[in-house]
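Remarks on the overall topology
Residues per chain, in single letters:
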Amino acid sequence: MDRRAAVAAHSEELRKVNTGAPERIDVVIPVYNEGSNILRVLTAFEREVTSPIRILICYDQDADTTLAALRGLRTKFEIVPVRNRGRRAHGAVTTGMAFGRSPAVIVYMADDDYNAGLIDGMIAGFRAGCDVVIPSRFIPGGSMEGCRWYKAVPLRVAAWSLAHLARFPAHDPTNAFRLFSRRLLDSVKIESALGFTFSIELTAKCHRLGWKIAEVPARWFERSGGKSRFQVFDWAGSYLRWNFYISGTACLRLKRIDGENRSAGRAV
């Protein structure tokens with residue numbers, strides 16, 4: 001879908017939202033043996049979320065303990081197990097993104113039972129015209145607790161440099177927990193293939209398109225159960241690639257502004 005068609009489709013989505021019942025948003029949760037965590041997360045959704053959502057549990061194997069924990073569970077939301085068509089975390093998320101045609105997708109972590117209260121606000125941001133809504137740990141009201149220093153330092157350095165040097169409108173570029181509009185997912189191709197690097201890629205491409213990005217403060221705690229699939233060093237090369245892309249966007253905008261100023265000077 002080209003940019004003009006994507007804009008038209010997005011306008012139609014907003015028209016439907018404003019004239020009728022809001023369309024349901026898909027929440028994609030990639031899992032790997034999260035049986036000890038998933039019920040707490042779903043209980044938090046039951047308690048905190050009022051927006052119409054569908055929860056997609058994206059798993060790798062039928063023996064995953066998450067599926068056993070879901071058997072017989074009753075909630076006010078539809079829960080759909082979705083078999084990963086790719087590999088690992090990246091494949092699970094992209095499979096979930098492609099599963100339906102909801103107007104937006106939220107990627108949520110299977111051990112996060114404390115940020116469910118942000119979902120309604122993220123969806124409200126999308127309804128207001130945002131193509132990416134980012135729960136950020138590095139803005140006032142956000143926090144990151146229990147993170148080991150060798151993981152926290154590169155995350156904070158990358159976040160600070162992109163926000164202050166490249167003027168990137170996101171203070172938490174590596175956080176995978178965020179909302180993406182269907183317009184964005186239909187308009188750009190995901191080139192990343194490792195872990196959660198799709199998240200910074202999609203946000204970087206949204207920024208280059210000049211589409212709206214919003215942030216809300218979020219908390220983050222080092223997980224206490226299960227094994228994290230976030231591998232900051234293994235994915236460092238991919239993150240660095242999109243850091244350069246974001247810096248390139250800043251250079252392109254400076255050149256455009258310089259060209260406009262020159263044109264204005266000649267006109268005077």
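With that settled, consider the nonpolar core. Ranked by internal contacts, the top residues of the largest apolar core, which has 35 residues, are Met97, Phe180, Leu184, Phe196, Phe198 and Leu202. Within the residue set of this core, elements represented by two or more residues are strand S2 (53–59), strand S3 (78–83), helix H4 (88–99), strand S4 (104–107), strand S5 (132–136), helix H7 (182–187), helix H8 (198–209) and helix H9 (236–267). With five residues, the single largest contributor to this core is H8. One finds Leu67, Phe77, Phe126 and Phe177 within the second-largest nonpolar core, a separate group that totals 32 residues.

A word on the confidence of the model for the protein. On average, the protein scores 86 in pLDDT, and the residues at 70 or more come to 82%. Predicted confidence is poor over residues 14–19, with pLDDT under 50, and the contacts of this stretch with residues over four places away or in other chains come to five contacts.

Covered by surrounding structure in S4 are Ala104 and Ile106 together with Val105 and Val107, the residues of both alternating faces. Sheet analysis places S4 next to strand S7 (residues 178–181), joined by four bridges and oriented antiparallel. Pairing of Val105 across the sheet is with Phe180, part of S7.

This part is about the pattern of salt bridges. With the rule as written, the count across this model stands at eleven salt bridges. A salt bridge links Arg54 to Asp26, with the shortest nitrogen-to-oxygen separation between them at 2.8 Å. Of the two residues, Arg54 sits in strand S2 while Asp26 sits in strand S1 (residues 25–30), which places them 28 residues apart along the sequence. There is no split in this pair, since Arg54 and Asp26 are both buried.

Once that is clear, we can look at a nonpolar patch on the surface. A cluster of nonpolar side chains, namely Trp149, Tyr150, Val153 and Val157, defines an oily patch on the protein surface of about 460 Å² accessible area. Topologically, Trp149 is positioned in helix H6 (residues 149–164). Accessibility expressed as a relative area gives 66% for Trp149, which makes it exposed.

To continue, consider the environment of Tyr239. Tracing the chain through its elements places Tyr239 in helix H9. For Tyr239, a relative accessible area of 7% corresponds to the buried category. The spatial distance from the C-alpha of Tyr239 to the C-alpha of Phe196 is 9.5 Å, given a sequence separation of 43 residues.

What counts, and where the lines are drawn
- All residue numbers here refer to positions counted from 1 along the written sequence of the relevant chain.
- Local features in a predicted model are, by the rule used here, given only for residues with pLDDT of at least 70; side-chain atom pairs are given and counted only at 80 or more, and totals for whole chains, interfaces and linings are based on all residues.
- Note: side-chain values were computed over all heavy atoms of the structure, leaving out hydrogens and water.
- Residue types Ala, Val, Leu, Ile, Met, Phe, Trp, Tyr and Cys, when buried and joined through side-chain atoms within 4.5 Å, form a set referred to as a nonpolar core.
- The rule is simple: take the accessible area with a 1.4 Å probe, protein chains only, and divide by the maximum for that residue type; under 20% is buried, over 50% is exposed, in between is partly exposed.
- Numbering goes from the N terminus for both helices and strands, where a helix is a DSSP run of H or I of at least four residues and a strand is a run of E of at least two.
- Confidence scores per residue from the predictor, reported as pLDDT, run from 0 to 100.
- Between two residues, a contact is recorded if the distance between any of their heavy atoms is within 4.5 Å.
- Pairing between strands is defined by DSSP: at least two bridges between them are needed.
- We define a salt bridge as a side-chain nitrogen of Lys or Arg found within 4 Å of a carboxyl oxygen belonging to Asp or Glu.
- Only residues whose relative accessible area exceeds 30% and that take part in no salt bridge are eligible for patches, with like-charged residues grouped when within 9 Å of each other and nonpolar side chains (Val, Leu, Ile, Met, Phe, Trp, Tyr) grouped when within 5 Å.
- The Shrake-Rupley method, run with a 1.4 Å probe, gives the accessible areas here. Residue values count only the displayed protein chains as cover.

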